[in-house]
Amino acid sequence: MSAWKSIAKEAFTQTCLVAKFLGFLHLTNNYLFSPTLVYGPSMLPTLNLTGDVLLVEHVSHRFQKVGPGDVVLVRSPLDPTKMVTKRIVGMEGDQINFLPDPSITDICRTIKVPKGHIWIQGDNTHASCDSRHYGPVPYGLVQGKLFFRVWPPSGFGSFDQ
């Protein structure tokens, strides 16, 4: 019987170790920082077309510490299953002047960002679906702020904006 007791004790110890690791991984990934793959033309030349692996921290936006110029990961207002990476151009109360579609017209529009919202745009205005198309984005959709580039190796290091 003591052999079974020893095996059960070892199994319980190993299970607790795995549970602690998974709990640590969950907390780190959801509340501190997580890796994300970003690709597409909307943030050229800041981010690569073929993809960058970046670390996104999940603390700043919870304390309202993101602002104009920061590149953020945002849940898409058009498709909540997708995330988009855009630059914050304006915060609540800001007046934003923008071209709705720079490839078609040069008529400028102005909008005041409402309370609890931000205005986001891709760096490549000709190939970005952003606030110019769907309007101000609720601040609650911000998931994190990009802070470190992991891939490609030539860009490894702090994410300079």
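Residues numbered from 1 in each chain as written. Predicted model: local features only at pLDDT ≥ 70, side-chain atom pairs only at ≥ 80, totals over all residues. Heavy atoms only, no water.

- The chain has the name Peptidase S26 domain-containing protein in an unreviewed UniProt entry, where Salix udensis is given as its organism.
- Per UniProt, the chain has the following entry under Subunit (unreviewed entry): "Heterodimer of 2 subunits, IMP1A/B and IMP12." (UniProt positions renumbered as here; feature names shortened; annotations may be inferred.)

1. Quick notes on the overall build of the chain
Then, number 1: Across its full length, the chain carries two helices and ten strands.
Then, number 2: For the chain, the sequential pattern of α-helices and β-strands runs α-β-β-β-β-β-β-β-α-β-β-β.
Then, number 3: Over its C-alpha atoms the chain spans a radius of gyration of 21 Å, topping by over 25% the 15 Å that the globule rule assigns to 161 residues.
Then, number 4: Taking the principal axes of its C-alpha atoms as reference, the chain extends roughly 85 × 35 × 25 Å.
Then, number 5: Looking at the chain residue by residue over its 161 residues, the buried ones come to 35%.
Then, number 6: Taking the contacts inside the chain whose residues are at least 6 apart along the sequence as the reference set, 51% of them involve residues at least 24 apart.
Then, number 7: Carbon and sulfur atoms provide 63% of the accessible area of the chain, an area that totals close to 9,900 Å².
Then, number 8: A gap of 10 Å separates the mean positions of the 15 positive and 12 negative side-chain charges of the chain. (Helix = DSSP H or I, 4+ residues; strand = E, 2+ residues; numbered from the N terminus. Rg over C-alpha atoms; globule rule 2.2 N^0.38 Å. Buried < 20%, exposed > 50% of the residue type's maximum accessible area, 1.4 Å probe, protein only. Contact = heavy atoms within 4.5 Å. Areas by Shrake-Rupley, 256 points an atom, 1.4 Å probe, with all protein chains shown as cover. Lys, Arg positive; Asp, Glu negative; His and termini not counted. Charge placed at Lys NZ, Arg CZ, Asp CG, Glu CD.)

2. What to know about the layout of surface pockets
Then, number 1: Reported here for the largest pocket is a volume of approximately 350 Å³.
Then, number 2: Mapped onto the lining of the largest pocket, the elements with two or more residues apiece are strand 1 (33-38) and strand 4 (83-90).
Then, number 3: Within the lining of the largest pocket, the residues separate by chemical class into ten nonpolar, six polar and three charged. (1 Å grid on protein atoms, 1.4 Å probe; cavity = no way out; pocket = protein on both sides within 12 Å on 5 of 7 lines; lining within 4 Å. Points joined across faces, edges and corners; volume = space filled by probe spheres on them. Nonpolar A, V, L, I, M, F, W, Y, C, P; charged D, E, K, R; others polar.)

3. Things to note about the UniProt feature "active site" (unreviewed entry) in the chain
Then, number 1: Here the UniProt feature "active site" (unreviewed entry) sits at Ser42 and Lys86. Spanning 45 residues, the annotated positions come together in the fold, the maximum distance between their C-alpha atoms being 8.0 Å. Restricting the annotated residues just mentioned to those that line the largest pocket leaves Ser42 and Lys86.
Then, number 2: With respect to the helices and strands, serine 42 occurs in the loop between strand 1 and strand 2 (52-57).
Then, number 3: Beyond its immediate sequence surroundings of up to four residues, serine 42 is in contact with Thr85, Lys86, Gly122, Asp123, Asn124, Ala127 and Ser128.
Then, number 4: Note on placement: lysine 86 falls in strand 4.
Then, number 5: Discounting residues that sit within four places of it in the chain, lysine 86 has contacts with Ser42, Met43, Asp70, Val71, Val72, Ile120, Gln121, Gly122, Ser128, Cys129 and Asp130.
Then, number 6: In terms of polar contacts, lysine 86 uses its side chain to reach the side chain of serine 42, at 3.0 Å. (Polar contact = N/O pair within 3.5 Å; in protein donor to acceptor, adjacent residues only side chain to side chain.)

4. Some words on the nonpolar core
Then, number 1: Grouped together as the largest cluster of nonpolar side chains are twelve residues: Val66, Val72, Val74, Val84, Ile88, Met91, Ile118, Ile120, Tyr134, Val137, Tyr139 and Val142.
Then, number 2: Within the residue set of this core, elements represented by two or more residues are strand 3 (71-75), strand 4 and strand 7 (117-121).
Then, number 3: Excluding its chain neighbours within four sequence positions, the residues that come into contact with isoleucine 118 are Ile88, Gly90, Met91, Val113, Ser131, Pro136, Val137, Tyr139 and Val142.
Then, number 4: Residues Val38, Leu47, Leu54 and Phe159 belong to the second largest nonpolar core, which totals nine residues. (Core = buried A, V, L, I, M, F, W, Y, C linked by side-chain atoms within 4.5 Å.)

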